[in-house]
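Architecture at a glance
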Amino acid sequence: MGVIESLGLGLETALQPENLLYVLVGVLLGMVVGVLPGLGPTATIAILLPFTYAMEPESAIIMIAGIYYGTMYGGTITSVLLNLPGEASSVVTTFDGYQMARQGRAGPALGIAAIGSFVGGMVAVVGMIGLAPVLARLAVGFGPAEFAALAVLGITMVCYLGTRSVVRSLFAAVVGLALATVGVDPVSGSPRFTYGSLNLLDGFDFVAIAMGLFGVSEILYNLQHKPPSLVGGRGRIAGIWPSRSDRKEARGAIVRGSLLGSAIGVLPGGGGMVSSLASYAMEKRRAKDPSRFGRGAIEGVAGPETANNASSVTSFIPLLTLGIPPNPVLALVFGALILQNVTPGPGLINERPEIFWGVVASIIIGNLILLLLNLPLVGVFIQLLRVRPVILGAFAVVVSMLGVFSLANSLFDMWLLLGAGVVGYFMKLLGFEPGPLVLAFVLGPILERSFRQSMLISGGDLSIFVTRPFSAALLILAVLLLVSAIIRPLRQRRLDRADKVAVNG
Amino acid sequence: MPCEAGAGQLRVDAPSIVLAGHSGRCGRWSVRPEGDVVDAEGMTGRAVTDPPPTAATDSDGGDRRRGVDAEPLAVALQVVGAGVLVVLSLPMPQGSLSQPGAGFWPMCLGVALAVLALVSGAQWLMRSRTAEPDRVRLGEMLIPGAAILSLVAYLVALGEVGFTLPSIVLILGWLRFFGKETWRLSLLLAVLGALVLAVLFDRVLGVPLPDDLLLSWMLR
């Protein structure tokens, strides 16, 4: 099937009334979540997972994708107007966006961010159309050794890019792998860690684990560390369309941000925050006068906003072509597809073209909707900050409980959800991130199966992982990351000391 | 995105809003008006350049120096976790590299955990004296702890008397005591919310919730 034909099929899927509705619901929900600090896209998608069960697989992922890139738009609004990043990837936008707002240029800041996001999204879609089929064809030749190496690299990258200690992230990831072993051993068929419990025979339910670690833990944490809510104040913005000089200044940043973001999104561990930081660093380094940055440079808004939206789109590529989710949000998409009995992998594009191309087309439509809705609704979205976090939290907990129960009508899953929430809460307190755990939990069965298959093929010879070029390259990359992760704290310590001297002196 | 809500500790100098310490444990970002934060390290998502300037304005107003150092606690937990996994994996057949048994993979993971726990321990011991560790205070766990207990009670009750009554009590309690809303608003939202959700899930979506005393009495 040619690209045009395929895209036609995709549009046909995405334009079905109910899917159109799901795109709309997804992007609106995403914008709301992006605006609200304290509930990020991961928590929201996790809480909504059970509700995707009743949908068609393509509808489910169309909606989840909408939430994901919708937050990239929504987070911008509060970053610019109030210096409050609603989610992590818009932290960077506060640097210059808020400064622009203070100079009375909130309108152009929001305008350029929306335009940049849209352009970035479209470039990423083109990248997706071009790259995904190639990658899928390549992956058909992958054996278990390559898949094991890919899974290892994915986990390593997510740990490496985490905001906290790499060692603790790795620990959390291995715990995730261990939790995934509960249930029936995929090879020998004997039960592991079930201790006679029928509930455990199928293993821990992914949805309950993800909802608990991302959703409930966040709600518990926010009870003490209250996210901000707006008391009084009104966002009033005039003149959204950026002036000619604004556009000229931002053009380069948008082009670079689109390419950079698209590239980072494909990498394991890539995602919104990494790409927006990378784009900001790049713009600042390229600028003739870097001191403008942090004082309202429009490139500092345009680049990162473009990049984070582009990367959120291209991060679907590894999942839909290799079956390897590159970051926790895509791990949730993976979970949603598994729930539907669809296993993402190299065969997906050919076997279920409506899923892949439906998502591609829905991303185009969703970005259009966001471009059109974003700016007129700014005032409305600001008002959302009036919703008090505890009210949101109380209802989110109850809805999560109902949602997880409805999947298998099992009280056990509700307890599992609560347990995972408590674990996630204490992980946060002690400096462990839930993201690597959830990602590893999803990748666990893939990793174990492909590792053991590789061992069967090679007759127990571990060198199978390094004699095959692809898996060798992937593993070398993973090892390099680990080595640099070990070296970095030492360097950081020297920097800290230098900082202290500078501050005190 | 490893840490979606980790908007981190940020200080806002807009006139009406002061916040700090939100989700600070997850990602520690400091946003300064100058915004001169991202450097080459920023590429890796580690743009932490200075110890949190917001310590004094932590949302609960606490002093960061009090409380228990979180790091040895984390290390201890890691050692225990690794030990548990290894011990539990032992009774399962291990097999060999060419014929791995059911216990082979869990054992590999247990060993990996042990190694990581050791590295964590070493990092803790070698930590520079000037480092400002995360601290865990009992005080900051009181409200989440109470919330966890309320959820345990909620699930127990839910199994006994169905969804609606426990949900009303839970939402009411959270809004009144954690959210400091008025009794009137809390009660209104709790009753309305719980009933709407119960009808939606139990009757409209047909989810077979445990027998609901209140709902079945109301919809007799």
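Because the structure is predicted, anything quoted here is derived from the model rather than measured.

About the thresholds
- Residues numbered from 1 in each chain as written.
- Chains lettered and ligands numbered in written order.
- Predicted model: local features only at pLDDT ≥ 70, side-chain atom pairs only at ≥ 80, totals over all residues.
- Heavy atoms only, no water.
- Helix = DSSP H or I, 4+ residues; strand = E, 2+ residues; numbered from the N terminus.
- Axes fitted to C-alpha atoms, helices over the stretch in contact; angles between N-to-C directions.
- Parallel < 35°, antiparallel > 145°, perpendicular 65-115°, else oblique.
- Left-handed = near helix turned anticlockwise from the far one by under 90°.
- Contact = heavy atoms within 4.5 Å.
- Phe/Tyr/Trp six-rings, centres within 6.5 Å; stacked < 30°, edge-to-face > 60°.
- Lys NZ or Arg CZ within 6 Å of the ring centre and 35° of its normal.
- Buried < 20%, exposed > 50% of the residue type's maximum accessible area, 1.4 Å probe, protein only.
- Expected span 1.5 Å × (residues − 1).
- pLDDT = per-residue confidence, 0-100.
- Nonpolar A, V, L, I, M, F, W, Y, C, P; charged D, E, K, R; others polar.
- 1 Å grid on protein atoms, 1.4 Å probe; cavity = no way out; pocket = protein on both sides within 12 Å on 5 of 7 lines; lining within 4 Å.
- Points joined across faces, edges and corners; volume = space filled by probe spheres on them.
- Patch = residues over 30% accessible without salt bridge, like charges linked within 9 Å, V, L, I, M, F, W, Y side chains within 5 Å.
- Areas by Shrake-Rupley, 256 points an atom, 1.4 Å probe, with all protein chains shown as cover.
- Salt bridge = Lys/Arg side-chain N within 4 Å of Asp/Glu carboxyl O.
- Lys, Arg positive; Asp, Glu negative; His and termini not counted.
- Charge placed at Lys NZ, Arg CZ, Asp CG, Glu CD.

Along the chain, the position of valine 169 of chain B falls in helix 4 (residues 164–178). As a C-alpha pair, valine 169 of chain B and alanine 194 of chain B span 25 residues in sequence and 9.3 Å in three-dimensional space.

Once that is clear, we can look at the packing of helix 3 (residues 138–161) of chain B against helix 4 of chain B. Residue and element names in this part refer to chain B. Close contact between helix 3 and helix 4 brings their axes to 8 Å; oriented N to C, the two are set at 165°. In terms of orientation, helix 3 and helix 4 fall into the roughly antiparallel class. Our pair here, helix 3 against helix 4, has a crossing hand that is right-handed. Here Ile143, Ala146, Ala147, Ser150, Leu151, Tyr154, Ala157, Leu158 and Val161 of helix 3 come into contact with helix 4, specifically with Leu165, Pro166, Ser167, Leu170, Trp174 and Phe178.

Here the structure, examined in full by the defined rule, presents 15 aromatic pairs over all chains. Each residue in the set Phe451 and Phe465 of chain A together with Phe104 and Trp105 of chain B is aromatic and connected to the rest through ring pairs, giving one cluster. Sitting above the plane of the phenylalanine 432 of chain A ring, arginine 168 of chain A keeps its charged end 5.7 Å from the centroid. When the ring centre of tyrosine 221 of chain A is taken as origin, the NZ or CZ atom of lysine 428 of chain A, which lies over that ring, is 6.0 Å away.

With that settled, consider unusual backbone geometry. Residues and elements named next belong to chain A. Even without being a glycine, phenylalanine 193 presents a positive backbone phi close to 50°. Looking at the secondary structure, you find phenylalanine 193 in the loop between strand 2 (191–192) and helix 9 (198–201). Residue phenylalanine 193 is classed as buried on the basis of its relative accessible area of 11%. Residue tyrosine 195 is not a glycine yet carries a positive backbone phi of 50°. Of note, tyrosine 195 is situated in the loop between strand 2 and helix 9.

Bringing helix 13 (residues 299–314) of chain A into the picture now. Each full turn of the α-helix corresponds to 3.6 residues, which orients residues three or four apart in the same direction. The end-to-end C-alpha distance of helix 13 of chain A, which contains 16 residues, comes to 22 Å, matching closely the 22 Å that a straight helix rising 1.5 Å per residue would cover. In terms of burial, helix 13 of chain A is a largely internal element, 16 of the 16 residues being buried.

With that settled, consider the confidence of the model for chain A. Residues of chain A with pLDDT of at least 70 account for 92%, and the chain-wide mean is 86. No element of chain A has a lower mean pLDDT than helix 23 (residues 469–504) of chain A, at 75, and none a higher one than helix 20 (residues 411–430) of chain A, at 94.

Helix-helix packing: each pair is described by the crossing angle between the helix axes and the interaxial distance. Residues and elements named next belong to chain A. Helix 8 (residues 166–180) packs onto helix 7 (residues 144–160) with a crossing angle of 140° between their chain directions and a minimal axis gap of 8 Å. By the angle between their directions, the pair helix 7 and helix 8 is classed as oblique. Crossing angle aside, the handedness with which helix 7 passes helix 8 is right-handed. Residues Ile155, Cys159 and Tyr160 of helix 7 form the contact with helix 8, whose participating residues are Val166, Ser169, Leu170, Ala173 and Leu177. Looking at the contact of helix 7 with helix 8 residue by residue, the class counts come to 7 nonpolar, 1 polar and no charged.

Another aspect to go through is the layout of surface pockets. Residues and elements named next belong to chain A. Considered as a void within the structure, the second largest pocket measures approximately 1,200 Å³ in volume. Along its surface, the second largest pocket is lined by 47 residues, and Asp202, Phe204, Phe206, Ile338 and Pro445 are the ones closest to its centre. Per-class residue counts for the lining of the second largest pocket are 28 nonpolar, 13 polar and 6 charged.

We now examine the side chain of threonine 314 of chain A. When you line up the elements, threonine 314 of chain A lands in helix 13. When sequence neighbours within four positions are dropped, the list of residues in contact with threonine 314 of chain A reads Ala124, Gly261, Ser262, Gly265 and Val266 of chain A.

Our focus in this paragraph is a positive patch on the surface. Residue and element names in this part refer to chain A. Positive charge collects at one region of the surface, where Arg244, Arg247, Lys248, Arg251, Arg286 and Lys288 lie side by side. The element contributing the most residues to the positive patch is helix 11 (residues 244–266), with 4 residues. Mapping arginine 286 onto the fold places it in helix 12 (residues 272–286). Judged by relative accessible area, which is 53%, arginine 286 ranks as exposed.

All right, on to a nonpolar patch on the surface then. All names here are of chain B. There is a patch of nonpolar side chains on the surface, built from Val199, Leu200, Val204, Leu205, Trp217, Met218 and Leu219 and spanning about 660 Å² of accessible area. Looking at the nonpolar patch, the elements with two or more residues in it are helix 5 (183–204) and helix 6 (213–218). Here methionine 218 shows up in helix 6.

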